[in-house]
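Listed here are the chains, written in short residue letters.
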Number of protein chains: 2
Amino acid sequence: MTEPRWLTPEQLCAWKKLIAVVELLPGTLESQLQRDSGLSHFEYFTLAMLSEAPDRTLRMTSLAAQTNATLARLSHVVTRLEKRGLVRREACAEDRRATNAILTPAGWTTVEAAAPGHVGTVLATVIDPLTATDVADLDRVMGRILEVLDPSHVMVGASSTDD
Amino acid sequence: MTEPRWLTPEQLCAWKKLIAVVELLPGTLESQLQRDSGLSHFEYFTLAMLSEAPDRTLRMTSLAAQTNATLARLSHVVTRLEKRGLVRREACAEDRRATNAILTPAGWTTVEAAAPGHVGTVLATVIDPLTATDVADLDRVMGRILEVLDPSHVMVGASSTDD
DNA sequence: CTACAGTAGTTGTAGCAACAACCAATCGAG
DNA sequence: CTCGATTGGTTGTTGCTACAACTACTGTAG
């Protein structure tokens, strides 16, 4: 019987706010993208990852890793994106088990069109209310939490254009 | 044609980390609760809100507000919780359109049993990696973001025992 | 060269959430 | 008091995600 630890009032307060953000933020991003571009956030993120990749091409497995999805989930989503003509599949020459997902020109156009609105929402809801100090603190604190949630840093790594 | 604004490198970096946390944290909480208590995070949160309410009773509408759910979603969930005997419904005397959701003794036992494990996960994944300064910064930054996401402070308000 | 383990991906199914349509009770204006 | 609008809640449908089973290919050990 270990005494169950509890949170201090300050920790509880911070925790409640974090959980509120975690609950509310996805919905906000989701509805903006759905309304303005007809994409779910996951679809947008998938297309964005492809758009940054060399040749706009990625193996299913590594695309799944970058989007933090199971292969099964990604497969279903790529099927839907393929039906809409935003992505196409291609058998991989080197390893015939593998499949490459490739962003089509229509897909590229779609991400390019969706990005400004999405970025605008991010700015409005998260960045603009923060000072430069806040942003630095956010970066540091989230970094610490990610050390636990994502120790192998699958979901990080810098880039330039999207998200 | 307004020049689309973009994020600075520092902002982008912080943003990516926040989005990673937002993606990863729910899954972590979800699986711990599911594994140890057979509850989804939403179910746990619903029961927790009821357990803190006067008489462990809440109108469907205000419970929906506190859990950030639509009435439709809450209705389905309460139906499932009712079938498991954790919650019961009762017609409201004052307003006969309204329904009260009430935590049963079995429901109370369930939350009490689930809470330590849940809190342990919160401590391990979010609180323990942070210093006291980090916690204060987290509180401040999330507070600023919530001003935008939840201006009417529906999802805040202090309390003692849960979550 | 075959047998077996591991890797890459797809597909079927079950459960939950979003949306919309719906019913019932209440409120408010004339 | 009664007709329309609003509020409170439930139910049916659709779409997406998780999980599990399955196919197909690769590589390696005997």
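Residues numbered from 1 in each chain as written. Chains lettered and ligands numbered in written order. Predicted model: local features only at pLDDT ≥ 70, side-chain atom pairs only at ≥ 80, totals over all residues. Heavy atoms only, no water.

Peer 1: I would appreciate a short explanation of the pairing of strand β3 (residues 99–103) of chain A in the present structure.
Peer 2: Consecutive side chains of a regular strand alternate in pointing toward one face of the sheet and then the other. All names here are of chain A. For β3, the buried fraction is high: four of the five residues fall into the buried class. Summarising the sheet, strand β1 (residues 57–59) and β3 pair through three bridges and their orientation is antiparallel. Note that in β3 the partner of Leu 58 across the bridge is Ala 101. In this sheet, β3 lies alongside strand β2 (residues 87–91) in antiparallel orientation, the contact comprising five bridges. Bridging from a neighbouring strand, Ala 91 pairs with Thr 99 of β3. (Buried < 20%, exposed > 50% of the residue type's maximum accessible area, 1.4 Å probe, protein only. Helix = DSSP H or I, 4+ residues; strand = E, 2+ residues; numbered from the N terminus. Pairing = 2+ DSSP bridges.)

Peer 1: Whenever I open this one, the packing of helix α2 (residues 41–52) of chain A against helix α5 (residues 105–127) of chain A confuses me. Can you help?
Peer 2: Packed helix pairs are characterised by how far apart their axes lie and by the angle those axes make with each other. Residues and elements named next belong to chain A. Contact pair α2 / α5: the axes reach a minimum separation of 10 Å and the direction vectors enclose 115°. Here the hand of the crossing between α2 and α5 comes out left-handed. On α5, the residues touching His 41, Tyr 44, Leu 47, Ala 48 and Ser 51 of α2 are Trp 108, Val 111, Ala 114, Ala 115 and His 118. Of the residues in the contact of α2 with α5, the class split is seven nonpolar, three polar and no charged. (Axes fitted to C-alpha atoms, helices over the stretch in contact; angles between N-to-C directions. Left-handed = near helix turned anticlockwise from the far one by under 90°. Contact = heavy atoms within 4.5 Å. Nonpolar A, V, L, I, M, F, W, Y, C, P; charged D, E, K, R; others polar.)

Peer 1: It is not clear to me how the sheet that holds β1(A) should be interpreted in this structure. Could you clarify?
Peer 2: Strand-to-strand pairing in sheets goes through backbone hydrogen bonds, with the strands running parallel or antiparallel. All names here are of chain A. Judged by pairing direction, the sheet is antiparallel, and its three strands sit side by side in the order β1-β3-β2 without closing on themselves. The open sheet has two edge strands with one neighbour each: β1 and β2. Neighbouring strand axes in the sheet, compared pairwise and without regard to direction, differ in orientation by 30° on average. Contacting β1, β2 and β3, α2 runs over the sheet at an angle of about 90° to β3.

Peer 1: Even after reading the chapter, I still don't get the sheet that holds strand β2 (residues 87–91) of chain B, so can you show me in this structure?
Peer 2: Residues and elements named next belong to chain B. Taking strand neighbours across the sheet as the criterion, the three strands line up as β1-β3-β2 in an open arrangement whose pairing is antiparallel. In the strand order of this sheet, the two ends are held by β1 (57–59) and β2, each with one partner. Neighbouring strand axes in the sheet, compared pairwise and without regard to direction, differ in orientation by 30° on average. Together, β1, β2 and β3 (99–103) form the strand contacts of helix α2 (residues 41–52), whose direction differs from that of β3 by roughly 90°.

Peer 1: When you look at the protein's contact with DNA strand D in this model, what are you seeing that I'm missing?
Peer 2: Not every one of the 18 residues close to DNA strand D is listed here, only the nearest: Arg80(A), Arg97(A), Thr61(B), Arg89(B) and Thr99(B). Restricting the count to atoms of DNA strand D within 4 Å of the protein gives a sugar and phosphate share of 75%. Contacts to DNA strand D include Ser75(B), whose side-chain N or O atom sits 3.1 Å from a phosphate oxygen. Only α4 (71–83) of chain A together with α3 (60–66) and α4 (71–83) of chain B provide two or more residues apiece to the surface near DNA strand D. It is α4(A) that provides the largest number of residues to the surface near DNA strand D, a total of five residues. The class makeup of the residues in the surface near DNA strand D is six nonpolar, five polar and seven charged. (Near = heavy atom within 4 Å. Polar contact = N/O pair within 3.5 Å; in protein donor to acceptor, adjacent residues only side chain to side chain.)

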